[in-house]
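An overview of the molecular structure
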Amino acid sequence: MGSHLPPRPEPQLVLQLAAGALQAQNLEAPGGGLGPEWQVLLGRADALAFGGRLHEALPLYQLASRHQQLRAEQLEKLVECLAQSVRIKEGLPAAGQPAAPREWDVFRCRKCQGFLFEPVSLPCGHTFCKKCLERDRAPEPRCVLCKEAGGAAAGQLLRVNVILSNLLTKWFPCQVKASQLRHEGNLLYKEKKLQAALQKYNEAVSLAPNDHLLYSNRSQINSTLKACEDALHDAETACRLQPYWLKGHLRKGQALANLGKTEEALREFLFCLALDTGNKTAKSEAQKVNVEQKKGFSIQEEPNVTTSGSLRKSIQITESKKDCSEEENKFTSMPESTFLLSEKCSLLKRKCCSEEMRNAEVPCKLMKKDIVDIRENSSGQHIPFEVVDPSDLDCSLCMSQPLTQCTNLGICGAVCHKSTKNLKRPHPMNIPSLHVKYCVAAIVTGGSCKLFYEPVTTPCGHTFCLKCLERCLDHNPKCPLCKEGLSECLAMRKYCKTVLMEELIARYLPEELTERRKIYEEEIAELSNLNKNVPIFVCTMAYPTVPCPLHIFEPCYRLMIRRCMETGTKQFGMCISDPVKGFADYGCILEIRNVEFFADGRSVVDSIGKRRFKVIQHSQRDGYNTADIEYIEDQKVQGQEYAALLILHDSVYDQAYTWFNSLKQALKSRILSHFGPMPAKDPDPQANPNGPAWCWWVLAVLPLENRAQLPFLAMKSLKDRLSGIRRVLAFMSRARAR
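Counting restarts for each chain: residues are numbered from 1 in the order of the written sequence. Given that the model is predicted, a residue must reach a pLDDT of at least 70 before its local features are reported, and side-chain atom pairs must reach 80 or more before they are shown or counted; all residues, however, enter totals for whole chains, interfaces and linings. Calculated side-chain values reflect all of the structure's heavy atoms, with hydrogen atoms and water omitted.

Describing the side chain of D628
For clarity, the cut-off: Strands here mean DSSP runs of E at least two residues long; helices mean DSSP runs of H or I at least four residues long; both are numbered from the N terminus. Note on definitions: a residue-residue contact is assigned when non-hydrogen atoms from the two residues lie within 4.5 Å.
Tracing the chain through its elements places D628 in strand β12 (residues 624-632). Each residue touching D628, except ones within four places of it in the same chain, is listed here: N531, K532, N533, K614, V615, I616 and Q617.

Observations concerning the environment of L509
For clarity, the cut-off: Relative accessibility under 20% of the residue-type maximum defines a buried residue, over 50% an exposed one, and the middle range a partly exposed one, all with a 1.4 Å probe and only protein chains included.
Among the secondary structure elements, L509 is positioned in the loop between α23 (499-508) and α24 (510-527). What makes L509 buried here is its relative accessible area of 0%. Residues L509 and L393, 116 residues apart in the sequence, show an inter-C-alpha distance of 9.4 Å.

As for α24
Our working rule: To estimate how far a helix should reach, multiply one less than its number of residues by 1.5 Å.
The end-to-end C-alpha distance of α24, which contains 18 residues, comes to 25 Å, matching closely the 26 Å that a straight helix rising 1.5 Å per residue would cover. Considered for burial, the residues of α24 that qualify are E512, L513, E515, R516, I519, Y520, E523, I524 and L527.

Some words on the confidence of the model for the chain
Cut-off, in case you're wondering: A residue's pLDDT is simply how confident the predictor is in it, with values from 0 to 100.
Residues at a pLDDT of 70 or more form 66% of the chain, whose mean pLDDT is 75. pLDDT under 50 marks residues 1-34. Its contacts with residues more than four places away, or in other chains, come to 37 contacts. Every residue in residues 400-447 is under pLDDT 50, and counting partners more than four places away or in other chains gives 93 contacts.

Concerning the environment of W245
Within the element layout of this structure, W245 appears in the loop between α10 (228-241) and α11 (246-258). The class for W245 is buried, based on a relative accessible area of 9%. Through-space distance from the C-alpha of W245 to that of C272 is 8.4 Å; in sequence the pair is 27 residues apart. Dropping the residues within four chain positions of it, W245 is found in contact with C112, Q113, H212, L213, S216, A238 and L275.

Overview of the pattern of salt bridges
Side chains that differ in charge, positive against negative, can pair when their charged atoms come close. The criterion, for reference: Every case where a carboxyl oxygen of Asp or Glu lies within 4 Å of a side-chain nitrogen of Lys or Arg is listed as a salt bridge.
All chains considered together, the criterion is met by 29 salt bridges. E523 is the partner of R563 in a salt bridge, and the nearest nitrogen-oxygen pair spans 3.7 Å. Placement of R563 in helix α25 (residues 555-567) and of E523 in helix α24 is noted, with a sequence separation of 40 residues between them. Since its relative accessible area comes to 8%, R563 is described here as buried. Residue R721 is joined to D634 by a salt bridge in which the shortest nitrogen-to-oxygen separation is 2.6 Å. Of the two residues, R721 is situated in helix α30 (residues 718-737) and D634 in the loop between β12 and α26 (639-661); the sequence distance between them amounts to 87 residues.

A short note on the state of the cysteines
We apply this condition: Counting rule for disulfides: a pair of cysteine sulfur atoms within 2.5 Å.
One pass over the structure, following the stated rule, counts zero disulfides. The thiol of C239 is unpaired, and the distance to the nearest cysteine sulfur, on C272, comes to 7.8 Å. Take C239: its relative accessible area is 7%, and that puts it in the buried class. No disulfide involves C482; its sulfur sits 3.6 Å from the nearest other cysteine sulfur, which is in C460.

Things to note about the pairing of strand β10 (residues 586-597)
What counts is decided by this rule: Should DSSP find at least two bridges between two strands, the strands are taken to pair.
Bridge analysis of strand β7 (residues 571-575) against β10 gives four bridges, and the strand direction is antiparallel. Opposite G573, over in β10, you have I589 as the bridge partner. Pairing of β10 with strand β11 (residues 603-621), which is carried by ten bridges, proceeds in the antiparallel orientation. Looking at β11, one finds that V595 is bridged to V605. With antiparallel pairing between neighbouring strands as the criterion, β10 and β11 make up a hairpin whose turn holds five residues, including G601 at a positive phi of roughly 100°.

Remarks on α25
An ideal rise of 1.5 Å per residue puts 18 Å on 13 residues; α25 measures up with 18 Å between its terminal C-alpha atoms. Counting buried positions over the 13 residues of α25 gives ten, a clear majority of the element. Every buried residue belonging to α25 is among C556, Y557, R558, L559, M560, I561, R562, R563, C564 and T567, and all of these are buried. Count one or two residues on from α25 and you reach G568, which has phi positive near 90°.

Okay, here's the thing in structure tokens:
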């Protein structure tokens, strides 16, 4: 047997191979021996294969198979190494990473890889077929793309995305019908009605000749019917349509194995493992094929390691270079050059478009990327831009906004529908630029105001702009269209944009989306201005540096607080009410430190006073008050006036401190829990433009009416403010003495 072994390797390599073999537990050492010779050979072969030296490992596997019939699992390392070699040489994505998306992937379900049928949008924003989600229900479901919680839970009622379903039916009627036939065929297949299932798939293929999933599934049906040639033809077609789709190559390998073409079947299974190393079906099939090949090895006859067996051919193919022209130059002198070249070109057709793909019976989308015809439309692979009607992607809530909102041109208040019943809307096909004007306001301003912006799909299947939905939920926690309760959606307060809707708008309506985004950005810039149209909360007195907790429950103030957070300013004005003007002429800017939301939409806002302001102009916006303002600061003094101010400052501070300490303990505890401790005395009372913090703290805790407190907020003289506080404290002290 020694004459059949390859040349003896160097001692260091022997030690490395032995160590690898022992680690793989392929050697036994009872009584200090190395165990049976076939195990020694198998261990060395595994070590060589693991090191990437497949040419040296192959004859050892063959010799081991002569001594002992190998089981499928004993060739696991060889299969893994072959698959890794294929992955590296073919430049495939690493295991677990998706291949680069194709142009038409936007309409594919990421679970079944087929055309989206009855699309359901999950809370995370990703969309899948309804049947796929129902089939993969779990106690704690997660999205297969983003791994976010919120998939199809057991018992949960799944609702079809109405907008997407209507769009797909309108754009791809043949593909939708084909998908329906596919699901009907699947049910018949489960019921063992194979001929009826095959008929359904034949009809589906005639409607959607470029759907790879139809060919793959029909291949499985033909295999069950023992129509192996038809099964192979369908599997090859599926592989041409989707070169890097694992299931297609798995179907092809199984069809080849059924036909007895084990050499070609092995290469397909290895390619499957190159795409996904963890695929148990492909690994098991590859190991079985390897074992079947080794059953035919002759024990008396030495195999020719340069020309024998499919395993040697597979290794030579995977270790060759990618370019077919380089292969021809490299192997011109080898006896197998013709075979290797043809096999390599067959393998490389998955990456580069060969003549076989160009002349294939089924049109290849990869080769006709820029061509649009009726047949491609029916296959669900491409939409001509001319057939996209922007009105199909209008937000129904934006359409219902009253005319009085149009002047703002803002989100959810940007467009009107009032007084437009007799206005004939131009069809997009009659406008060369497809720049549709949506309503009276849009025609005047040239804006695309109703187009979905940041589309969000509710659990009931309806889609709205994110801002539209939020504003509706401020008033009523129900879907604006079907009135189904959305309390759970409101409680989560996590609205993820529907990814597919955003992709469709960005791809087919780029100009309208640009204009819609411009409107949004202009409104955000306007809302961020803290001098004009500043939001005003009409409630209570607020002072600089003093905390002001607020309970928000009115819809208009929910919107106001949300906008303050979205713009990043986190600031709004606080004024007391005025019976004539609506709110007072002086107020204080509050800064939001934290917002705690409740399940029903209410919130508690932790805010603190920042600056004082004077109202220049009163106005309103979307139900809440706004104002143009100017900020006010204390006027500084110097010299003797400053020295007198210091004396007054220290005196009033001591007076206030004494008054607070004279209060009952229960009252003091309530003040401290609400306003915190009294601030310390400032070394320089004019350091802050608003004056010492302790002054505002004292004014906040003094039992004065709002009308009596308002003049202190308007004062620009610290001396006048200190004098006023001293008079109030003196009055309080006399009142207590009585």
